[in-house]
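# Architecture at a glance
Okay, here's what each chain looks like letter by letter:
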Amino acid sequence: MDNAFDHLVAVCERMRHLTGALETIRNLLMADVMTTSDDARTAMGDTQETARSLFIHAVGLRQRAGTDLETTVTLITSDTDPAHSAQRQEWLTLCGDLAGTLQSIDAVLAELEQHFRR
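All of the points below concern the structure found in this document. (Residues numbered from 1 in each chain as written. Predicted model: local features only at pLDDT ≥ 70, side-chain atom pairs only at ≥ 80, totals over all residues. Heavy atoms only, no water.)

## As for the overall build of the chain
Each helix and strand counted, the chain has 3 helices and 0 strands in total. Shown N-terminal to C-terminal, the secondary structure of the chain runs as helices and strands in the order α-α-α. The C-alpha atoms of the chain give a radius of gyration of 19 Å, which is well past the 13 Å a tight globule of 118 residues would have. Its C-alpha atoms give the chain principal-axis dimensions of roughly 65 × 20 × 20 Å. Residues classed as buried in the chain amount to 33% of the 118 residues present. Relative to all contacts within the chain whose residues are 6 or more apart in sequence, the contacts with residues 24 or more apart total 75%. When the accessible surface of the chain is totalled, it reaches about 7300 Å², and 54% of it is carbon and sulfur. In the chain, the 10 positive side-chain charges and the 18 negative ones have mean positions that sit 6 Å from each other. (Helix = DSSP H or I, 4+ residues; strand = E, 2+ residues; numbered from the N terminus. Rg over C-alpha atoms; globule rule 2.2 N^0.38 Å. Buried < 20%, exposed > 50% of the residue type's maximum accessible area, 1.4 Å probe, protein only. Contact = heavy atoms within 4.5 Å. Areas by Shrake-Rupley, 256 points an atom, 1.4 Å probe, with all protein chains shown as cover. Lys, Arg positive; Asp, Glu negative; His and termini not counted. Charge placed at Lys NZ, Arg CZ, Asp CG, Glu CD.)

Structure representation (structure tokens):
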């Protein structure tokens, strides 16, 4: 179970980076919307490019988080030691919650993709 725990921690860390990237993208896009002067609008072109780059990074993080989560579930379910049954169920529940969060993130990424295509 130690190896599964290490993978679970890695998934959580990747999710933390992913949500941080999404938060930064949101902040950049909000700054762009709130800008009113022409000079500031010109400078915002760089902000838009930064947001696009972060979006690409977030998509990569999302893909890696999904793959890592699948690996983690496989490791957890492969441990059949009866002494680990309660811990195994707790971790699988956590993995289910993380999978639900990833589905929500998929919706956010789809909206961002539409925004950047405009």
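## Observations concerning the packing of aromatic side chains
The final tally for this structure, using the stated rule, is 2 aromatic pairs. Ring geometry for Phe-5 and Trp-91: centres 5.6 Å apart, planes at 35°, overall tilted. With Phe-5 in helix 1 (residues 2-34) and Trp-91 in helix 3 (residues 85-117), this pair connects stretches of sequence that are 86 residues apart. What makes Phe-5 partly exposed here is its relative accessible area of 41%. Relative accessible area serves as the criterion here: at 10%, Trp-91 is assigned to the buried category. (Phe/Tyr/Trp six-rings, centres within 6.5 Å; stacked < 30°, edge-to-face > 60°.)

## A short note on the environment of Asn-27
Within the element layout of this structure, Asn-27 appears in helix 1. Taking the C-alpha atoms as reference, Asn-27 lies 10.0 Å from Thr-47; in sequence the two are 20 residues apart.

## Topic: a nonpolar patch on the surface
Taken together, the side chains of Met-30, Val-33 and Met-34 define a hydrophobic patch exposed on the protein surface, amounting to about 330 Å² of accessible area. Here Met-30 shows up in helix 1. (Patch = residues over 30% accessible without salt bridge, like charges linked within 9 Å, V, L, I, M, F, W, Y side chains within 5 Å. Salt bridge = Lys/Arg side-chain N within 4 Å of Asp/Glu carboxyl O.)

## A short note on helix 1
Each α-helix winds once per 3.6 residues, and so residues spaced three or four apart point in a common direction. With 33 residues, helix 1 should reach 48 Å at 1.5 Å per residue; the first-to-last C-alpha distance of 48 Å fits that figure. Residues of helix 1 that are buried: Ala-4, Leu-8, Val-11, Met-15, Leu-18, Ala-21, Leu-22, Ile-25, Leu-28, Leu-29 and Asp-32. (Expected span 1.5 Å × (residues − 1).)

## Regarding helix 3
Along its 33 residues, helix 3 runs 47 Å from first to last C-alpha, staying within 8% of the 48 Å computed at 1.5 Å per residue. Among the residues of helix 3, those classed as buried are Arg-88, Trp-91, Cys-95, Leu-98, Leu-102, Ile-105, Leu-109, Leu-112 and Phe-116.

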